[in-house]
Amino acid sequence: MLDRLLGIKAKRSEPTPAAAPKARVGDLRPVVYLPTWVEWDSMKQRPQFLLEAFAKAGHPVWFIDPRADGPSEIDGVHIVTALSDVPTDQVILYLHFAPLAPLFDNFTDPVIVYDILDDLSIYDADEVDVPEERRVRAHHPSVMERADVVLVSNEILAERHRSERPDLIHVPNGVDVERFGAPVSAPRDVPVGGPIVGYHGMISHWFDFDLLAAVAARRPSGVSCWSAQRTRGSRTMRVRLSD
């Protein structure tokens, strides 16, 4: 995965139909999201919401995804497939995956925003076969030092990393009021006639299936417990724990 992501660096030398726009004095800095496993329309989470907020505030926002079919604009964000499609001068680089640090050299005078979404140990299981010098933990210290702004998603992470960056900012996760405030029809395969316990998020090695099963076992009779989410492989799953 990392080889594919860093491989887009070579695309900067390839010709493109139109040059990426240049920032002008007085403009808000463009925001560039460096590519990861995140897809814009798949399991919308913190990165997408923050980037959408930048766009609503007037910043041009660019989201690089080499898997995209082509350039498009969604929620005010430009979805592109390569570094050659984004501005490179005086941009805000938003990243949450430290091994992308080698891509910093493609930009002139960037403002780097490093968002620590979770404990660094979540990457360990996926990096068993990755050389140590290319792992998240190896790149994290240099990104912490170089970043202009460091964000963390909860107070536990703030305490853990404050010795590295006393100026880090705790930006807790929130709720999109418009999204959750609008009435929607329930999916046809969701049972009716009782409370529903739902989960939306990634199921991976850190997911506590034993806890989920224990909660389901203790629930009152008639309560249906569903889990709906997308994995990193973009596979949609629904799990029903029946009585």
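You'll find the structure just up there.
No experiment lies behind these values; they were computed from the predicted model shown. (Residues numbered from 1 in each chain as written. Predicted model: local features only at pLDDT ≥ 70, side-chain atom pairs only at ≥ 80, totals over all residues. Heavy atoms only, no water.)

Asks: Would you explain the pairing of strand 6 (residues 111-116) in this entry?
Replies: By the criterion of burial, strand 6 is predominantly enclosed, with 5 of the 6 residues buried. Sheet topology note: the strand 6/strand 7 (residues 149-152) ladder contains 4 bridges and is parallel. What sits directly across from Ile116, in strand 7, is Val152. Each parallel crossover has a hand, and the one from strand 6 via helix 3 (residues 136-146) to strand 7 is right-handed. (Buried < 20%, exposed > 50% of the residue type's maximum accessible area, 1.4 Å probe, protein only. Helix = DSSP H or I, 4+ residues; strand = E, 2+ residues; numbered from the N terminus. Pairing = 2+ DSSP bridges. Right-handed = clockwise from strand over helix to strand, strands pointing away.)

Asks: When you look at the sheet that holds strand 1 (residues 31-33) in this model, what are you seeing that I'm missing?
Replies: Pairing between the strands of a sheet comes from backbone hydrogen bonds, and it takes one of two forms, parallel or antiparallel. An order of 3-4-2-1-5-6-7-8 is seen for the 8 strands of this open sheet, with the pairing classed as mixed. Each edge of the open sheet carries a strand with a single partner, namely strand 3 (72-74) and strand 8 (169-170). Taken together, the 3 bridges between strand 3 and strand 4 (residues 77-80) define a ladder with antiparallel strand orientation. Residue pairing across strands places Ile74 opposite Val77, the latter belonging to strand 4. Here helix 3 sits on the sheet in contact with strand 6 and strand 7, set at roughly 130° to strand 6. (Contact = heavy atoms within 4.5 Å. Axes fitted to C-alpha atoms, helices over the stretch in contact; angles between N-to-C directions.)

Asks: I keep staring at the pattern of salt bridges and nothing clicks. Help me out?
Replies: Opposite charge on two side chains permits them to pair, given that their charged atoms come into close proximity. Within the structure shown, the criterion is met by 11 salt bridges. Linking Lys44 and Glu52 is a salt bridge whose minimum nitrogen-to-oxygen distance equals 2.5 Å. Given the relative accessible area of 11%, Glu52 is considered buried. For the salt bridge of Asp75 with Lys44, the shortest nitrogen-to-oxygen distance reads 3.3 Å. Of this pair, Asp75 sits in the loop between strand 3 and strand 4 while Lys44 sits in the loop between strand 1 and helix 2 (46-56); the two residues are 31 residues apart in sequence, bridging distant segments of the chain. Through salt bridges with shared partners, a single network forms among Lys44, Glu52, Lys56 and Asp75. (Salt bridge = Lys/Arg side-chain N within 4 Å of Asp/Glu carboxyl O.)

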